[in-house]
Amino acid sequence: MALQVEIWVKSIIEGLFANNTFAARSVDHSEFVNNKTVHVPNAGAAPNVEKNRTVFPASVTKREDVDLTYDMDEFTVDPVRISHAEQVELSYNKRESIVRQSRRKLAQDIYDSIIYDWIPEGVKVVETIGAAVAAHIKGTTGDRKLMTKKTVEELQTLFDEQDLPEEGRCILLDARMYNQLMNSMTDAEQNNFLNCADPARGVIGKYLGFDFYKRSKVAKVATDGTVKPWSAADAATDCAAGLAWHEDCVSRALGESVLFDDEGNPLFYGDVISFLQRAGGKSIRADKAGIVLIKQGTAA
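If you're wondering where the values come from, they're calculated on a predicted model, not measured in any experiment.

A. Structural view of the layout of surface pockets. One number sums up the size of the largest pocket: a volume of about 210 Å³. Along its surface, the largest pocket is lined by 14 residues, and His136, Ile137, Lys138, Lys217 and Trp230 are the ones closest to its centre. The class makeup of the residues in the lining of the largest pocket is six nonpolar, two polar and six charged. Approximately 180 Å³ is the volume attributed to the second largest pocket.

B. Molecular detail of the nonpolar core. Of all hydrophobic cores here, the largest spans 32 residues; its most connected members are Phe22, Trp118, Leu243 and Trp245. Taken together, the elements giving at least two residues each to this core come down to helix H2 (94-117), strand E9 (169-174), strand E12 (219-221), strand E14 (239-246), strand E17 (270-283) and strand E18 (291-295). At eight residues, H2 tops the list of elements feeding residues into this core. Discounting chain neighbours no more than four positions away, the residues touching tryptophan 118 are Phe22, Ala23, Arg25, Ser26, Leu243, Trp245, Val250, Ser251, Gly281, Lys282, Ser283 and Ile291. Residues Leu173, Leu181, Phe212 and Cys249 belong to the second largest nonpolar core, which totals 24 residues.

C. Local environment of the pattern of salt bridges. Throughout the structure, instances matching the rule amount to 22 salt bridges. Between aspartate 65 and arginine 63 there is a salt bridge, and its shortest N-O distance comes to 2.6 Å. Here glutamate 189 makes a salt bridge to lysine 149, at a shortest N to O gap of 3.0 Å. One end of the pair, glutamate 189, is in helix H5 (residues 187-195); the other, lysine 149, is in helix H3 (residues 149-161), and 40 residues separate them in sequence.

D. Just the side chain of arginine 169, in detail. Within the secondary structure layout, arginine 169 lies in strand E9. One polar contact links the side chain of arginine 169 to the main-chain carbonyl oxygen of leucine 164, over a distance of 2.8 Å. In this view, arginine 169 contacts Gln156, Phe159, Asp160, Leu164, Gly209, Phe210, Asp211, Trp245 and His246; residues no more than four positions away in its chain are not counted.

E. Seen up close, the pairing of strand E16 (residues 258-265). Strand direction decides the pairing type here: E16 and E17, joined by six bridges, are antiparallel. Counted as the bridge partner of valine 258 is leucine 276 from E17. Hairpin geometry of E16 and E17 is characterised by an intervening segment of four residues between the two adjacent antiparallel strands and by a positive phi of about 50° at tyrosine 269.

F. How the structure looks around H3. Look at H3: 19 Å from first C-alpha to last across 13 residues, which is about the 18 Å you get at 1.5 Å a residue. Those residues of H3 that fall on the buried side of the exposure criterion are Lys149, Thr151, Val152, Leu155, Leu158 and Phe159. Projected down its long axis, H3 shows its buried positions confined to an angular sector of 170°, all on one face. At the exit of H3 stands aspartate 163, carrying a positive phi of roughly 60°.

The rules behind the values
Residues numbered from 1 in each chain as written. Predicted model: local features only at pLDDT ≥ 70, side-chain atom pairs only at ≥ 80, totals over all residues. Heavy atoms only, no water. 1 Å grid on protein atoms, 1.4 Å probe; cavity = no way out; pocket = protein on both sides within 12 Å on 5 of 7 lines; lining within 4 Å. Points joined across faces, edges and corners; volume = space filled by probe spheres on them. Nonpolar A, V, L, I, M, F, W, Y, C, P; charged D, E, K, R; others polar. Core = buried A, V, L, I, M, F, W, Y, C linked by side-chain atoms within 4.5 Å. Buried < 20%, exposed > 50% of the residue type's maximum accessible area, 1.4 Å probe, protein only. Helix = DSSP H or I, 4+ residues; strand = E, 2+ residues; numbered from the N terminus. Contact = heavy atoms within 4.5 Å. Salt bridge = Lys/Arg side-chain N within 4 Å of Asp/Glu carboxyl O. Polar contact = N/O pair within 3.5 Å; in protein donor to acceptor, adjacent residues only side chain to side chain. Pairing = 2+ DSSP bridges. Expected span 1.5 Å × (residues − 1). Arc of directions from axis to C-beta.

Next up, the structure:
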């Protein structure tokens, strides 16, 4: 019988993970990541200003500040066993691959969570108003309304009315909502959008003062605007959603990715490794300014 030769390349094809550069556009609270709770004091209402005061003594008032808090979360990766045989027989470095893959998956899940941490209860919602298009997130049916530049105009007006600074405005869209937006622009608008890209910061374009970021998914909501985690059961009426925010109105706190490594475990006849990372985030204004959910409108 002829000898059959098996060939293994010295590399392994790993999974793909989402882009997380958007999170850098937030207030960094990472120095507090090892605390249980972060306190973010919010100033109360500014005192009244009176022109040509005639009544004296003036009334003395007291400012009531608000203490907004959020807790740190602890994210852990399931332990992975690497048998002795896998370490000596495989042509590729499985340990190195598992470490790299675990860190990327940990980061993806943390940033998925931070997106939802940024969405406060009672968040302002702006719906898309374009023509009907087929729903695109898993488990949905029917039509939704296109994401177009008209929605960005509405967001610009809303941020202007909230007196938010021009610099630091951001929008995060999933890939399909992003393409819908681009298709609604003229050629000149598209060129201007792309010319403002900043790859070093992950910014893919700029329009009406907003820096744009793109991700495979952002958030999903029910038709009534209720925010649903991705782990929640899919409903045919769910809608995809994007996020608009100002970088001074949200925070992130990211700890180090800690590797737990039990080499030569006698019970498992190999190595066992796992990871842990503490992280959190929050919409840090008590008035909920500077954060808007961009919900797909539901077509009739």
